[in-house]
Amino acid sequence: MKKLILTTAILALTGGAASAQQVVRLATEGAYPPFNFINDAGEPDGFEIELFDTLCERAEVTCEWVTTDWDGMIPNLQSGNFDGIVAGMSITPERREAIDFTASYYPAITSAYAAMDPDADFATGVVSAQVNTIQAGHIAETDATLLEYTTPDEAVAAVRNGEADAVFADSDYLKPVVDESGGEFVWVGEAIALGEGIGMGLRKSDTELKATFDEAIDSMKADGSLNELLQKWFGGEEAPQF
Amino acid sequence: MSCFETIQAYGLRSLGIGERLLPREGYDLCQQFTLIGSGLIWNVYFAAIALALGFALATLLAVGKRARSAWIRKPCDWFVFIFRGSPLFIQFFVAYQLLVLLPRDGVTLPLGLFDLHVGTDWVTRAWAGAALVLFFNTAAYTAEIFLGALRSIPRGDLEAAEAYGITGWQRFRRIQWPTMLRLAWPAYTNEAIFLFHATTLVFFSGFPAFQQRGDALYYASYFAGRTFNPFVPYPIVAFYFICLTLVLTWTFGRIGRRLNRHLPTNETRRRRPRILPQIIR
Amino acid sequence: MMFSFCADPKSLEGLQWLSCYLTTGTHMSFYGSFLTVLVLLAVTAPVALAFGFGGAVAGRSHVAPLRWIGKTYMAMVRGIPDIVFFLFFIVALDQGLEYLFHFVRCEDLSQPVRQAGEFRACPAAKIPPGSAPPAIHQIYNFALAVFTFAIVFGAFAANVLSGAMQAVPRAQLETAESFGMTPRQINRRILIPQMWVYALPGLSNLWMVLIKATPLLFILGIEDVVYWAQQLGAMKTQTFSYPHPDWRLWYFLGLLVFYLLLTKVSEVVLDRIMTRLRRGLPMAENGATA
């Protein structure tokens, strides 16, 4: 399902006292825990939300969150409905042709297969993935049959109800699903590293904004606060580190 | 790739014939026209199967809604109410969620002498599941159109039939049904057109695309997503639909004229209802 | 938090859990989105009717170009699926407005607006301005959606109204002519007042169609009932305060009931209005076939 125009701004992050400050509208999906999700209070929450809370403060810009559908994000960025994409979007050469990315704030993601049956045929069977993702692109090139869904949880549900033999998604997203399934879900096959890490997507013309955020991200990498956040959200010791 | 090669590679892509991967570069007009046109096969398939089956079920429902026995009438009323009273969009969602609840291994029906094993994994595929929803949906709308037509059959026609000794099934088959069809035809034409348009919802709600085989709108949104430019693919879909709607209108017009061929021309014109409360779904 | 015992959701069970679950912030937004649907209906219906009226009148105009516009507008909905129009039109509208503003408000016009796959209107041309509070963005997007709906349903209404104008008996118009009324007078005093009675069955049907089209708001990016049903029904892991399995079926069944109620109530009300209006009117065919 596609939402072409973007939608609701949910909340201004840093108090909007200084109205002269630049307002940066950031788009997120709100359906990709632990990266970003809508918590039970109805507000955006997650690793990326907390990270950009800090980043915007360091960059001295006012940030505003906007939830929009995954599928229409890049077109909406291009037409100027918001200024940045913060939605667990991996940097890929294909996306680079259309938009720019800041330095990565999360290392190259590992994607993994999860299935209900340990012997599931993920290599040539039916594999579900979210549409327009790096994972869907990967499956389309394998011998497996790709089944595309608009949201990641639908892709998981497809395995649960037998539509697909396995789901292929970001292992950080799948981890709680597998851990909490009480043995229903198991990992199958090898985890695969895809892409060049996750960055914030920007219009190619917004070079200044890119420089601002690059600087802020670098400063958080340098003082170790980014690593702390990663540990907080991605399972402590096992969390990827810079 | 020349345009001819593109057509060879992607012309039947929506059926899984030709290139396995969708195009990753170029996205020229030829590619877009070919792939979106290929997706159109699914729209035509959904419309054809839903209309053909829906027509038969609608006749039964319309007759059932006039039945004296509440056991027949009530279920027909409810069927029509549920499918006409709720958005098709929601119906697709609910239907998909319900269909996936069927046991994966199939259902075994004990038939006394032997057990019949029915597989169920295919019903969640769009070609079956979405076609089922569209079939029920159009049957409900058409039933209401047919019912209206049945009610407005001139009493004189029926009395004349009785005077000739035509009663029961014969009367229905030879008098009521043809008259109903003739009266309902303009409204039914509209229903057919809008059902055809409704087929574009299939891959936008509930039903997943299997191996990137989708309908015209699915490929249009693929291109819109890749080229970040909605101004080419969506008008292409619109162009295809305008053409096919014209073909549909022409075909139905021909049938309509055939249904009315025994009437003097001014009679035809008088009989054709001018306001059609059913004109749109 | 509605109830005091909701402070620690994970320790709750049974009814208490459910009462807390159903009163979370997200659920409140979900309930609010039903209001969004009703507001959309209330605003779109009159606007669409106005568009439809304009279209129908234009379609009967003696000025050829105006007539062509009216006829094309009416023919549009028969040829193009509404969802295709929605997907395309809302972007076209948004960008079109900003494109116009670009030439009015921007100082530097040396660069083309569309370049390298980007749409670059200068900040002053942005609608609403980038610094506007979120509520303004929300209202603007909603207004775009209403306008798009009104365009599509206005075309449907134009068809109904132009049918109704043709249904007014010719004798009525000829009589008016013989009284020496000008065409304008005939239109205003005879044709339009009489037309409504003939248009009512079609318009009430159109209202039902409009109700059933509201889930398409989801496609236009408004956080409507479908969005929240998807969001809330999806499986929730322990990351959330109220973890639960995939409950989308229940949420969508809820939506189904909501829409059935809405159409049923509308049907009853519209039937009443129709019987009242028809009283004493010589409607021979009783609303044609159906």
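Right above here is the structure, for reference.
Residues numbered from 1 in each chain as written. Chains lettered and ligands numbered in written order. Predicted model: local features only at pLDDT ≥ 70, side-chain atom pairs only at ≥ 80, totals over all residues. Heavy atoms only, no water.

A look at the packing of aromatic side chains
Next, step 1: Per the stated rule, a full pass over the model turns up 65 aromatic pairs over all chains.
Next, step 2: Each ring, one from B:Trp78 and one from B:Phe81, has its centre 5.7 Å from the other, and the planes form 80 degrees; the classification is edge-to-face. With B:Trp78 and B:Phe81 both in helix H3 (residues 70-85), this residue pair falls three residues apart, about one helical turn.
Next, step 3: When its relative accessible area of 51% is taken as the criterion, B:Trp78 is described as exposed.
Next, step 4: Seen from their ring centres, B:Phe79 and B:Phe83 are 4.9 Å apart, and the 40 degrees between their planes marks the pair as tilted. Here B:Phe79 pairs with B:Phe83, and both are found in helix H3, just four residues apart, close to one helical turn.
Next, step 5: Counting every residue linked through ring pairs, the aromatic cluster contains A:Tyr32, A:Phe35, A:Phe47, A:Phe52, A:Trp65, A:Tyr105, A:Tyr106, A:Tyr173, A:Phe213 and A:Phe234.
Next, step 6: When the ring centre of C:Phe240 is taken as reference, the NZ or CZ atom of C:Lys236 above it lies at 5.3 Å.
Next, step 7: Geometry around B:Phe81 places C:Lys264 over its ring, the cationic atom sitting 5.1 Å from the centre. (Phe/Tyr/Trp six-rings, centres within 6.5 Å; stacked < 30°, edge-to-face > 60°. Helix = DSSP H or I, 4+ residues; strand = E, 2+ residues; numbered from the N terminus. Buried < 20%, exposed > 50% of the residue type's maximum accessible area, 1.4 Å probe, protein only. Lys NZ or Arg CZ within 6 Å of the ring centre and 35° of its normal.)

Remarks on the interface of chain A and chain C
Next, step 1: With 35 residues of chain A at the contact, the number on the chain C side is 40 residues.
Next, step 2: The tally of links from chain A across to chain C stands at two salt bridges.
Next, step 3: One salt bridge connects C:Arg248 with A:Glu154, and the closest N-O pair in it is separated by 3.9 Å.
Next, step 4: Counting every contact that joins chain A to chain C gives eight residue pairs in polar contact (both at pLDDT 80 or more).
Next, step 5: Listed by contribution, the elements that provide at least two residues to the side of chain A that touches chain C are strand S1 (8-12), strand S2 (23-28), strand S4 (36-38), strand S6 (62-67), helix H5 (152-160) and helix H6 (171-179) of chain A.
Next, step 6: A per-element tally of the side of chain A that touches chain C places H5(A) first, with four residues.
Next, step 7: A class-by-class count of the residues in the side of chain A that touches chain C yields 13 nonpolar, eleven polar and eleven charged. (Contact = heavy atoms within 4.5 Å. Salt bridge = Lys/Arg side-chain N within 4 Å of Asp/Glu carboxyl O. Polar contact = N/O pair within 3.5 Å; in protein donor to acceptor, adjacent residues only side chain to side chain. Nonpolar A, V, L, I, M, F, W, Y, C, P; charged D, E, K, R; others polar.)

Here we look at the nonpolar core
Next, step 1: If you look at the biggest cluster of nonpolar residues, it comprises 231 residues, and the most contacted ones within it are A:Phe47, A:Phe52, A:Tyr105, A:Phe213, C:Phe149 and C:Phe153.
Next, step 2: Considering every element that reaches this core, the biggest residue donor is helix H5 (residues 134-167) of chain C, with 19 residues.
Next, step 3: Each of domain 1 (8-106 + 198-238) and domain 2 (109-194) of chain A accounts for three or more of the residues forming this core.
Next, step 4: Listed in part, the 14 residues of the second largest apolar core include A:Ala27, A:Leu77, A:Ile91 and A:Ala98. (Core = buried A, V, L, I, M, F, W, Y, C linked by side-chain atoms within 4.5 Å. Domains from an automatic or database assignment.)

Description of the state of the cysteines
Next, step 1: The final tally for this structure, using the stated rule, is four disulfides over all chains.
Next, step 2: The disulfide that involves C:Cys6 links it to C:Cys20, with 2.0 Å between the sulfurs. As the torsion about the S-S bond is roughly -90 degrees, the C:Cys6-C:Cys20 disulfide counts as left-handed. You can see C:Cys6 sitting in the segment before helix H1 (14-21) and its partner C:Cys20 sitting in helix H1, a full 14 residues away along the chain.
Next, step 3: Judged by its relative accessible area of 4%, C:Cys6 is buried.
Next, step 4: Taking the relative accessible area as the measure of exposure, C:Cys20 reaches 2% and is therefore buried.
Next, step 5: Here C:Cys106 is linked by a disulfide to C:Cys122, with a sulfur-sulfur distance of 1.8 Å. Linking C:Cys106 and C:Cys122, the disulfide has an S-S dihedral of approximately -85 degrees and is accordingly described as left-handed. Of this pair, C:Cys106 sits in the loop between helix H4 (82-105) and strand S1 (114-115) while C:Cys122 sits in the loop between strand S2 (118-119) and H5; the two residues are 16 residues apart in sequence, bridging distant segments of the chain.
Next, step 6: Overall, C:Cys122 belongs to the buried group, its relative accessible area being 19%.
Next, step 7: No disulfide involves B:Cys243; its sulfur sits 17 Å from the nearest other cysteine sulfur, which is in B:Cys3. (Disulfide = S-S within 2.5 Å.)

Everything listed here is a matter of coordinates, which is why it stays silent on function.
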